[in-house]
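# Breakdown of the fold
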Amino acid sequence: MDYNFLDIEKKWQAYWAEHHTFEVKTDPSKPKYYVLDMFPYPSGAGLHVGHPLGYIASDIYSRYKRLKGFNVLHPMGYDAFGLPAEQYAIQTGQHPAITTRDNIARYRQQMDRIGFSYDWSREVRTCSPEYYKWTQWAFIQMFNHWYNPETNKAEPIDTLVARFKAEGRWDSLSEKQQSDLLMNYRIAYQGETAVNWCPQLGTVLANDEVKEGLSIRGGFPVEQKKMKQWQLRVSAYSERLLADLDGLDWTESLKEMQRNWIGKSQGAEIVFKVSNGSEEYDMTIFTTRADTIFGVTFMVLAPESEWVDKLTTAEQKAAVEEYLLQAKKKTERERIAETRKCTGVFSGSYAVNPLTGDKVPVWISEYVLSGYGTGAIMAVPAHDSRDYAFARTFNLPIIPLIEGCDVSQESFDAKEGIMCNSGFLTGMSVKEAIPAAIDYVESKGIGKRKVNYRLRDAIFSRQRYWGEPFPIYYKNGIPTPMPLDALPLELPQVDKFLPTESGEPPLARAKNWTYEGWPVETSTMPGFAGSSAYYLRYMDPHNNEGLVGREADNYWRNVDLYIGGTEHATGHLIYARFWNKFLYDIGYVCEQEPFRKLINQGMIQGRSNFVYRVKNTNKFVSYALKDQYDTTEIHVDVNIVSNDRLDTEAFRKWRPDYADAEFILEDGEYVCGYAVEKMSKSMFNVVNPDLVCEKYGADTLRMYEMFLGPLEQSKPWDTKGIDGVHRFLRKLWRLYTDSENKFCISEEKASPAELKVLHRLIGKAQSDIENFSFNTTVSAAMIAVNELSELKCCKREILEPLIIVLSPYVPHIAEEIWQQMGHGESISFASFPEYVEAYTAEDSVTYPVQFNGKMRFTLDVAKTADRTEVEAAVRANPATEKYLQGAAIRKVIVVPGKIINIVY
RNA sequence: GCCCAGGUGGUGGAAUAGGUAGACACGCGGGACUUAAAAUCCCGUGGCCAGCAAUGGCCGUACGGGUUCGAUUCCCGUCCCGGGCACCA
């Protein structure tokens, strides 16, 4: 074998590890660059070829930046707390720490084989006490701070206590009352809230852990339940989280996702007088369409609203209670299934429209959410489709407010047109009427401008074992943080990982789960806790004094390039930004934003293969003939299929049922069908990177994953294309070796033609990598190597820069060649070659010449010629005369360097 | 329903401050070397039509219009696929 990738890769991976090649230190003499991958959850299934896609891209970029003279921080670790290990523990009794440790070992082995340039001395695991000490520390900081809306930042809770004291609202309170009061302000606080409760998992889930009323992990039903939970006051940061998006180098679609998630809307709060017949109240509602107030024909309360009790009249009491009961019984899933089915009940009370004085009924309906605005709305059926549907169902009046709009079939929701039926607003456009209406209610003292956000506080408790324990104990029932020197509060041993018989979380099973005799919090933190500040820990992973030291933070600052999946858009990426901003507020870190540039790598999908079994037989019919039979489509392991041709012998051995399978072939072969699906075990389409490395080598794998297509795009993995890349590497190897596989390199001066090939590649590779267009660089490299091998070039002057340019992509082969060339140091310490136009540039440009847009011939014109000289040259050319056939030229269009078009 | 991204050969994909569409690779067909296989190398490969041939013509970047000497690229409309949000007043 000529190019022995197995030996080469083994050799250099060992060399890098032994020489600590990729370990970095803060070095103020060099510019820093921080490249981060979203760290993985180490699942039991190991890595498939889809997982390393982003890691390969970030590794290439890291290696490139090192060649460009940057001090590159490129770390890796594990997001190691999580449900699968815990579920496994419940089933088997195996401690999640053991499962996790084993899975991590497997991940590490698989990653090492691909030749990543991680600084493993900085590895973090979220489940290790040395790490989660700082997660707990941050939680205590959040507990001890409040958000001051005047200064727009977090401040120590003492400043708030001082205010209360000054206002005389403090000293008279009991300790318990003081604690309850402060809970309303703390950034990390405990509060009663409706949560997604999953009985089967025995825990609370975040919204992004629930899909269509089922848990993402396990697919169990999830119901709404009111519970006292730890929460993080993320909503306080809404405006900053929104505004600071503008300065980030993220894709527009991802920023848009976050903007929608934060959901800023500007409107007004307006006060309506409401009366249940005996008592009158002021009820505040929120609207973005103050202009439509003349069309209010009823009001609606959320079923959970506190107004429901006050406004339900004696006559309606039975009906309302019945309705509330029905609403409560419904699971989230049923509510979703019944979307747009109108339900509701009349409360018996009436509200008075503050502008018209009209009396309108107050209804109660599920379509109004308690968590947004004030949990009560003014309904304008003519101009809101939800109000419209409700009005139609319950036969409530609909008053159109915009000239010429037709509301007989549907509402007119657009914010355009001229107002009518609207008192002093009549005649204005909607755009004028909105501020005019708000100005009016403000001047009358019955309302004010108001901005609302959809972003909710994050629920931070999970009733699980495998997470960070809260460093909180209950002194006389008052939640109290532990002193910092008590951290880390380590996870205790428990006999089982299930909730207790009385429904308490698993930590309640721990013996002596107390602090100074007081009970300790039994819930644990959610998955996003550990992943919210891990990028800071990498900067200074062994610091015992703090999460990150000041010097390290000042040097590394924040992540320059973050690569990971788009599935974290509204979870991790919001929480980490929030967490970072909090640490910034308390003066702990020097940057407001954690991730400057973000790239979302696409998913690599599986390419599944099918065989077609003739029903009730053990015969399998080839793809083209399957329509002649009644068949069942069956997934077949892609590892026994090559180029869609089934290895029939391997198939018989695959499963006992198929041992005596018969085949109906076409042209002597069994052709399989295929489909692009998610890569998963159940579809038998998982391709393991270890096997690819075994067969083709890590360099081939790395390059092929890039060659597959643009990084951001989802694309199917198809192993058959890998041969082309592998062939390229062999060709590259042969540039440097003779027919006996002996290394040979010439010290001769390079020719202009050779230099041209090299310089074109350098130019392309550099601009491509800066644009993260890795796939086209691979193509350019193939072209360059083809041309050089045609030129039989084996000169150092060409081949040395060439191998440096390619080294980020194929580091093992590059190291080997670099060493063979006589260098003592790793190629990682080389510098990226400069593009120098050393070859004699051609002195003429070849123009394609078009006639009325049709390409006819080419013309060489001096490079220095300007537009008029080019035009003169083409007019004088005899071929022009020939194609004109006597017609007169109307216009000659010359695009310098590109094209000439003659219009006649 | 709303928001975002996209639609190019048999396949993955190149090329967009408007300028020879299909780079590069896979697959396929043919050939060379070989006892044979593997490996390697060479030639062809969007469709249709004409020609013994070199070659020439027409059509082609989801569909229909528009702007332009010239549109995969810009504008308007339609259809389709993917992603996100989904009673947020």
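Calculation notes
- Residues numbered from 1 in each chain as written.
- Chains lettered and ligands numbered in written order.
- Predicted model: local features only at pLDDT ≥ 70, side-chain atom pairs only at ≥ 80, totals over all residues.
- Heavy atoms only, no water.
- Salt bridge = Lys/Arg side-chain N within 4 Å of Asp/Glu carboxyl O.
- Helix = DSSP H or I, 4+ residues; strand = E, 2+ residues; numbered from the N terminus.
- Buried < 20%, exposed > 50% of the residue type's maximum accessible area, 1.4 Å probe, protein only.
- Phe/Tyr/Trp six-rings, centres within 6.5 Å; stacked < 30°, edge-to-face > 60°.
- Contact = heavy atoms within 4.5 Å.
- Near = heavy atom within 4 Å.
- Polar contact = N/O pair within 3.5 Å; in protein donor to acceptor, adjacent residues only side chain to side chain.
- Nonpolar A, V, L, I, M, F, W, Y, C, P; charged D, E, K, R; others polar.
- Pairing = 2+ DSSP bridges.
- Axes fitted to C-alpha atoms, helices over the stretch in contact; angles between N-to-C directions.

## Quick look at the pattern of salt bridges
One pass over the structure, following the stated rule, counts 44 salt bridges. Arginine 259 serves as the salt-bridge partner of glutamate 256, at 3.0 Å between the closest nitrogen and oxygen. Linking glutamate 256 with arginine 259, this pair stays in helix H9 (residues 252–262), spanning 3 residues, or about one helical turn. Its relative accessible area of 37% is what places glutamate 256 among the partly exposed residues. Glutamate 593 is the partner of arginine 577 in a salt bridge, and the nearest nitrogen-oxygen pair spans 2.8 Å. One end of the pair, arginine 577, is in helix H18 (residues 572–585); the other, glutamate 593, is in the loop between H18 and strand S23 (595–600), and 16 residues separate them in sequence. With relative accessibility at 0%, the residue arginine 577 sits in the buried group.

## Things to note about the packing of aromatic side chains
Enumeration according to the criterion identifies 66 aromatic pairs in this entry. With 4.9 Å between their ring centres and 75° between their planes, phenylalanine 81 and tryptophan 466 make a pair best called edge-to-face. One end of the pair, phenylalanine 81, is in the loop between strand S2 (71–73) and helix H3 (83–92); the other, tryptophan 466, is in the loop between strand S17 (458–459) and strand S18 (472–475), and 385 residues separate them in sequence. Classification of tryptophan 466 by relative accessible area gives buried; the value is 6%. With a centroid separation of 5.3 Å and 85° between ring planes, the pair formed by tyrosine 237 and phenylalanine 578 is classed as edge-to-face. One end of the pair, tyrosine 237, is in the loop between strand S9 (223–232) and helix H8 (238–243); the other, phenylalanine 578, is in helix H18, with 341 residues separating them in the sequence. You'll find tyrosine 237 and phenylalanine 578 in the same group, each marked buried. Ring-pair connections join several aromatic residues into one group, and the members of that group are Tyr33, Tyr61, Tyr64, Phe70, Phe772, Phe774, Tyr809 and Phe832.

## Quick look at the environment of lysine 475
Locating lysine 475 in the fold gives a position in strand S18. Separated by 43 residues in the primary sequence, lysine 475 and tryptophan 518 place their C-alpha atoms 5.8 Å from one another. Contacts of lysine 475, omitting those with residues within four sequence positions, involve Thr480 and Trp518.

## Some points on the protein's contact with RNA strand B
By nearness alone, 47 residues border RNA strand B, and Thr288, Arg386, Arg727, Arg730 and Asn901 come closest of all. When atoms of RNA strand B within 4 Å of the protein are split into backbone and base, the sugar-phosphate part holds 63%. At 3.2 Å from a base nitrogen of RNA strand B is found a side-chain nitrogen or oxygen belonging to arginine 456. Contributing elements (two or more residues each) for the surface near RNA strand B: H9, strand S11 (280–287), helix H22 (722–736), helix H24 (774–790), strand S32 (844–851), strand S33 (854–862), strand S34 (891–895) and strand S35 (899–903). Looking at which element gives the most residues to the surface near RNA strand B, the answer is H24, with 6 residues. Of the residues that constitute the surface near RNA strand B, the class distribution is 18 nonpolar, 15 polar and 14 charged.

## Concerning the side chain of glutamine 463
Along the chain, glutamine 463 turns up in the loop between S17 and S18. On the accessibility criterion, glutamine 463 (9% relative accessible area) is buried.

## Focus: the sheet that holds strand S22 (residues 559–564)
Taken in spatial order, the 4 strands of this open sheet run S2-S1-S22-S23, and their pairing is parallel. Strands with a single pairing partner mark the edges of an open sheet, and in this sheet they are S2 and S23. Pairs of neighbouring strands in the sheet enclose a mean axial angle of 20°, with direction left out of account. With 5 bridges connecting them, S22 and S23 associate as parallel partners. Paired with tyrosine 562 across the bridge in S23 is leucine 598. Where helix H2 (residues 52–67) meets the sheet, it contacts strand S1 (32–37), S2 and S22, and its direction lies at approximately 170° from that of S1.

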